[in-house]
Amino acid sequence: MADSHDPKNIRNICILAHVDHGKTTLADHLIASSGGGVLHPKQAGRLRFMDYLDEEQRRAITMKSSSIALQYKNHSINLIDSPGHMDFCSEVSTASRLSDGGLVLVDAVEGVHIQTHAVLRQAWIEKLTPCLVLNKIDRLIVELKLSPLEAYNRLLRIVHEVNGIVSAYKSEKYLSDVDSILARPVGETGDEYQELLDDDDEEDTFQPQKGNVVFVCALDGWGFGICEFAEFYASKLGASVAVLQKAFWGPRYFVPKTKRIVGKKGLPAGSKARPMFVQFVLEPLWQVYEAALDTNGDKTILEKLIKSFNLSVPPRELQNKDPKSVLQSVVSRWLPLSDAILSMVIKHMPDPGTAQAFRLSRLLPKREILDDDVGKSDVIAEAELVRKSVEACDSRPEAPCVAFVSKMFAVPMKMLPQRDVNGGIVNNIEVGNGDSDECFLAFARIFSGVIHLGQKVFVLSALYDPLKTGDSVQKHIQEAELHSLYLMMGQGLTPVASARAGNIVAIRGLGQHILKSATLSSTKNCWPFSSMTFQVSPTLKVAIEPSDPVDMGALMKGLRLLNRADPFVEVSVSARGEHVLAAAGEVHLERCIKDLKERFAKVNLEISPPLVSFRETIEGESLNSFDKFKSLTGNSNVIEKTTPNGRCTVRVHILKLPDALTKLLDESSDLLEDIIAGKAIRAQDDEHPVESLRKRIWDAVESEISDTNAEKDKEKLKLLWENLLKRIWALGPRQIGPNMLLLPDSTTDDNGSSVLIKGSPYVSERLGFVSSSEESETETTSAETRSLKEEADSLRSSVLSGFQVATGSGPLCDEPMWGLAFVIEASISPYDSESEAVNQSDQYGVFSGQVMTAVKEACKAGVLQKNPRIVEGMYFCELNTPTEYLGPMYAVLARRRARILKEEMQEGSPLFTVHAYVPVAESFGFPDELRRWTSGASSALLVLSHWEALPEDPFFVPKTEEEKEEFGDGSSVLQNTARKLIDGVRRRKGLAVEEKVVQFATKQRTLARKKHYWTNFTQVKTENEQELFIYQWGLLFRLNRLCVCRYEIVNDLDVTRCRDNI
Ligand SMILES: Nc1nc2c(ncn2[C@@H]2O[C@H](COP(=O)(O)OP(=O)(O)OP(=O)(O)O)[C@@H](O)[C@H]2O)c(=O)[nH]1
Ligand SMILES: [Mg+2]
């Protein structure tokens, strides 16, 4: 086997960056030089070879990650190009899972942007070895016309900034990318960075002097690292390469007289020396640019350059009339881009064996073996063996075979190679896809062993557990046969017979077995790989239906295919029976719909306006009020409901959780799910996840406590919270949401003949706030009480379900609740007599159902009573606008209810950067509108940031004189945004809407003809004929039998007569 197949000579890398920073352009040059001739060097940088989808070429952005195999100096390099647009960030996750190294690109003019933060975070999470590529250096010379020194300061600042971000992630300082971008210091100047560099920080991840930073111009195909120049100057300056390499970055100066390299302090007074990087690297480059592009430039410089470096530039290229082409011909031969990048990759990025050893704790975290698993030592031993061979990247054929599929992608059948490895014709029919002409391939990396054609493997889903047996586990494991294996060359596929550990391949034959991602293994005794982390979740939802109802079948099939072909899209059926498609953003949604129409369903579709989700909460109040109440009975803040049979009384008190705690619970939902299910996973060298979560919960609470002023209150609140955190029975909705079900304070107990339904502090125990509860059942009571207690125990699940249902759909518009704690006290009393027991179950239905409903209703009523508020999702938005378009940009932002956070002029460029929060509900069409109003000069990127309660009271009606004076008495239209949002959701969900089309009929009637109210009206029916509108006097009245409130609008009119007339 050739040398390049040795795992030591393999590198799996991906290119990561903010949108448009030049990833695909860079990939072009690497492919042109090392891709085996698939791309001609002349086309490199212009063709965008990896963007082979029509939609990608049309929009000029990458939308999916795809891989290509390159050969460079006996090394085999699998390069994955990833998209930079926020909507496709899931593809960054799939790319980085399969790679060991990440080339992080930053545009030297635009600098660090929000997706740069995101990709650095992704690289850090997946334990990739990153290298930094500062791209578009040519723009500093040609566009910004910076001097070499100014350019150096700018580059210095970018390197420093990127290092700052990585070190913040390392210290887990920031929870999200938005946090980190907001924490970025403002207005620092190059000088300060220089000072910082003085005390050479060994901890920095990216250090040009170490060789893991290169400076490139991907468009023109040139690039260099410091070592290239150090080697060149070593003999000229009479210093060793190593010394020069260190000296070529930072404040190091060359004193020609003494031929010594000195620091800033060693410079003679008044010296105008420039840092060596400026003097020896940037200045020559600037001179070449000036010589070539300036009409009066000294053309001999180019000749000298060609001569001294012995460059072979064809004379035809040198005689080109376009000075830019001449420049490119010379510089790309002087400093070839692919050499600079690929030699850095080989030197600084790990081979699969080395990489898998330290990525193991992320890929296959060590599992905690629970006590009841000790009997399965042979399974544990084999799973451990598999883990060991993944760690070692064991590529022997006898090693257990393990691979990870990070996504499935669809390829049109006609694109598949027509011949197999042996040159035989293949019959390309996809099994199980019906008449579809799409084939599904798995994008996979082999982590251990060898996989070969026709091999049977086990497909393990993320929930598979080799230690468990039975039906519940069986559904997480399937057996599949690998039909074909391909080496990926962008769009092209080269069939291969087998592939060894450390390689990236496309596998055919798993379409029916894998939906999005999975682990493949030759043995059942293998843990599945940990799930990938996605930066955002698909939040933009629309309902889809075929234009012609006959096409429903085709749409459903199309949706199934789309769901499999796109790693990030989510397809579901709503409670109302609509087919809902969830995408990451507008561009993603548009592409999904196009794919659906043209590839997967091939029918015309109707798309609803976006279905925005909201949350419901209450207005925050001081916790002090909570302090007073020990018992829920008789407290005016408490909602009380009784079951129809009168046997169970439910009392609910509601508290608002601190915002930080709610956010933490929401963000940790995956971890909480594992903890609550008892599946605690220990990451190898990190702190125990439960411990760190407990600490963060307490930190969140403490930050709330420290906001109170009085020292005395602080102590009291601390005690109170300690007590509360020991009483968490459940989280909701779906057992993991950001709402808590708290047990009543233990001092309250059964009173009289009734018995309390006692829960257990289950979640508190799991989180370690209390040690396992011992059920103290000390007193022995009468048989009757005992049976009642048993009944109470059996009703626990009803209380839990009532809480789960209530938190899943709040009273305002059936949206989930947000950040609430419910203290629920439900007590049951005995039947009055035997006969009543029999009667009641007939009359009122099952008792457990009654309890559940009572709990649910009490929770909902409690929220309504306590100043409910609607919570909306917020996008963090980064806008870049030329100064002359600031006016229109602010106008667009104002129309979208945006809140500006920061406005800043970008140093050295005419662009203004603005950070703002934009409500999700107002964000649709926002980037388009912005482009329209600013003639395309302004761009915006949106990232989902957080949930925020609208302070407005949805039920606000001006009552006092002052309020009436300020807001009017309601006769003029009052814009209540919260109410508008709630009504919008209710209307969409088919819930009753208290809508007053005409609020003050008497007032408005005076404007119109007074008599004959319902004569000469026009009757308007809606499409579904369920609602009836009446049009008169230029106003629309809406009559609906389902909703009495509508009659209010015409309350002094004779509605019955009107109906008769109709
Ligand atoms: N001046 C200059 N322009 C460049 C350079 N590299 C890339 N570009 C231009 O930047 C634009 C974006 O390049 P792409 O390679 O598509 O960027 P990308 O990072 O792949 O973008 P996405 O995949 O959409 O995230 C194109 O117009 C390129 O021509 C460079 O070094 N100098
Ligand atoms: Mg691209």
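Just so you know, these numbers come straight off a predicted model, no measurement behind them. (Residues numbered from 1 in each chain as written. Chains lettered and ligands numbered in written order. Predicted model: local features only at pLDDT ≥ 70, side-chain atom pairs only at ≥ 80, totals over all residues. Heavy atoms only, no water.)

### Notes on the overall build of the chain
Helix and strand counts for the chain stand at 36 helices and 37 strands. When the 1062 residues of the chain are sorted by exposure, 53% land in the buried category. Residue pairs at least 24 apart in sequence account for 74% of intrachain contacts in the chain once pairs closer than 6 positions are excluded. For the chain, the accessible area works out to roughly 48,000 Å², and carbon and sulfur atoms hold 51% of it. (Helix = DSSP H or I, 4+ residues; strand = E, 2+ residues; numbered from the N terminus. Buried < 20%, exposed > 50% of the residue type's maximum accessible area, 1.4 Å probe, protein only. Contact = heavy atoms within 4.5 Å. Areas by Shrake-Rupley, 256 points an atom, 1.4 Å probe, with all protein chains shown as cover.)

### Observations concerning the environment of L944
When you line up the elements, L944 lands in strand β34 (residues 939–949). For the pair L944 and P538, spaced 406 residues apart in sequence, the C-alpha to C-alpha distance is 9.9 Å. Discounting residues that sit within four places of it in the chain, L944 has contacts with T539, M874, Y875 and V920.

### What about the site of ligand 1?
Taken together, 18 residues form the shell around ligand 1, and within it K23, T24, T25, T62 and A218 come nearest. With respect to ligand 1, the backbone of G22 contributes an N or O atom lying 2.9 Å from an oxygen atom. Within the side chain of T24, a nitrogen or oxygen atom sits 2.6 Å from an oxygen atom of ligand 1. Protein burial of ligand 1: of its 650 Å² of free accessible surface, 84% is covered by the chains. (Near = heavy atom within 4 Å. Polar contact = N/O pair within 3.5 Å; in protein donor to acceptor, adjacent residues only side chain to side chain.)

### Side note on the pairing of strand β16 (residues 492–496)
Each regular strand shows side chains that alternate between the opposite faces of the sheet. Direction of pairing for strand β15 (residues 484–489) relative to β16: antiparallel, over a ladder of five bridges. Each residue of the ladder has a partner; that of M489, found in β16, is G492. Counting the residues that bridge the hairpin from β15 to β16 gives two residues, and of these G490 lies at a positive phi of roughly 70°. (Pairing = 2+ DSSP bridges.)

### Things to note about the pattern of salt bridges
Per the counting criterion, the structure on display carries 45 salt bridges. Across the pair E398 and R396 runs a salt bridge, and its minimum N-O distance is 3.3 Å. According to the relative accessible area criterion, R396 is partly exposed, its value standing at 43%. D595 is the salt-bridge partner of R591, the closest N and O atoms lying 3.7 Å from each other. Remark: D595 and R591 occur in helix α20 (residues 586–600); sequence separation between them is four residues, near one turn of the helix. Take D595: its relative accessible area is 16%, and that puts it in the buried class. Here the salt bridges share partners, and the residues they tie into one network are E55, R58, R59, E590, K594 and E598. (Salt bridge = Lys/Arg side-chain N within 4 Å of Asp/Glu carboxyl O.)

### Section: the nonpolar core
Membership of the largest hydrophobic core comes to 104 residues, with the highest contact counts inside it found for L134, L140, F215, F248 and F277. The element that contributes the greatest number of residues to this core is helix α11 (residues 276–293), accounting for 11 residues. Leave out the neighbours within four places in its chain, and F215 touches L134, I137, L155, P208, W222, G223, F224, I226, W249 and F277. Grouped together as the second largest cluster of nonpolar side chains are 44 residues, L482, V505, L520 and A601 included. (Core = buried A, V, L, I, M, F, W, Y, C linked by side-chain atoms within 4.5 Å.)

### Considerations on the coordination of the magnesium ion (ligand 2)
At the metal site, the magnesium ion (ligand 2) is ligated by T24 (OG1) and T62 (OG1), and these contacts range over 1.9 Å. Taken together, the residues T24 in helix α1 (residues 23–34) and T62 in the loop between α2 (54–59) and β2 (66–72) connect sequence positions 38 residues apart. Residue T24 shares its accessibility class with T62, and that shared class is buried. (Donors = N, O, S within 2.8 Å, 3.2 Å for Na, K, Ca; no water.)

### Observations concerning the pairing of strand β13 (residues 456–460)
In terms of burial, β13 is a largely internal element, four of the five residues being buried. Where β13 meets strand β14 (residues 477–481), five bridges bridge the pair, whose relative direction is antiparallel. If you follow V459 over to β14, its bridge partner there is Q478. In the sheet, β13 pairs with strand β19 (residues 518–521) via three bridges, with the strands oriented antiparallel. By the bridge assignment, V459 is partnered in β19 with L520.

### Focus: the sheet that holds strand β21 (residues 570–573)
In spatial order, the strands read β21-β22-β20-β23; together these four strands make up an open sheet with antiparallel pairing. Strand pairing shows two members of the sheet lacking a second neighbour, β21 and β23 (605–607), which therefore form its edges. Across the sheet, the axes of successive neighbouring strands diverge by a mean angle of 30°, strand direction being ignored. Pairing analysis gives four bridges linking β21 to strand β22 (residues 579–583), with the strands arranged antiparallel. Of the residues in β22, the one forming a bridge with S572 is V580. The strands that helix α19 (residues 552–565) touches are β20 (540–546), β21, β22 and β23; relative to β22, the one it contacts most, it runs at about 30°. (Axes fitted to C-alpha atoms, helices over the stretch in contact; angles between N-to-C directions.)

### Observations regarding helix α6 (residues 148–170)
For α6, with 23 residues, the first-to-last C-alpha span of 33 Å sits near the 33 Å given by 1.5 Å per residue. Within α6, 17 of the 23 residues are buried, which leaves the element mostly enclosed by the surrounding structure. (Expected span 1.5 Å × (residues − 1).)

### Points about the confidence of the model for the chain
Summing up the model confidence of the chain, the mean pLDDT is 80 and the portion of residues at 70 or higher is 82%. Within the model, the stretch residues 1040–1062 combines pLDDT values under 50 with 45 contacts to residues more than four positions away or in other chains. (pLDDT = per-residue confidence, 0-100.)

### Some details on the packing of aromatic side chains
In total, this model carries 26 aromatic pairs according to the counting rule given. Consider the rings of W124 and Y169, whose centres lie 6.1 Å apart with planes at 20°: the pair is stacked. Here Y169 lies in helix α6 and W124 lies in helix α4 (residues 114–125), a separation of 45 residues in the sequence. Judged by its relative accessible area of 32%, W124 is partly exposed. With a centroid separation of 6.1 Å and 70° between ring planes, the pair formed by W222 and Y289 is classed as edge-to-face. Placement of the pair is W222 in strand β7 (residues 222–225) and Y289 in helix α11, with a sequence separation of 67 residues. By relative accessible area, which is 0% here, W222 ends up buried. Note on Y289: relative accessible area 3%, which makes it buried. Stacked on the ring of F404, the Lys or Arg R97 has its end atom at 4.9 Å from the ring centre. The ring of F443 is capped by K407, whose NZ or CZ atom sits 5.3 Å from the centre of that ring. (Phe/Tyr/Trp six-rings, centres within 6.5 Å; stacked < 30°, edge-to-face > 60°. Lys NZ or Arg CZ within 6 Å of the ring centre and 35° of its normal.)

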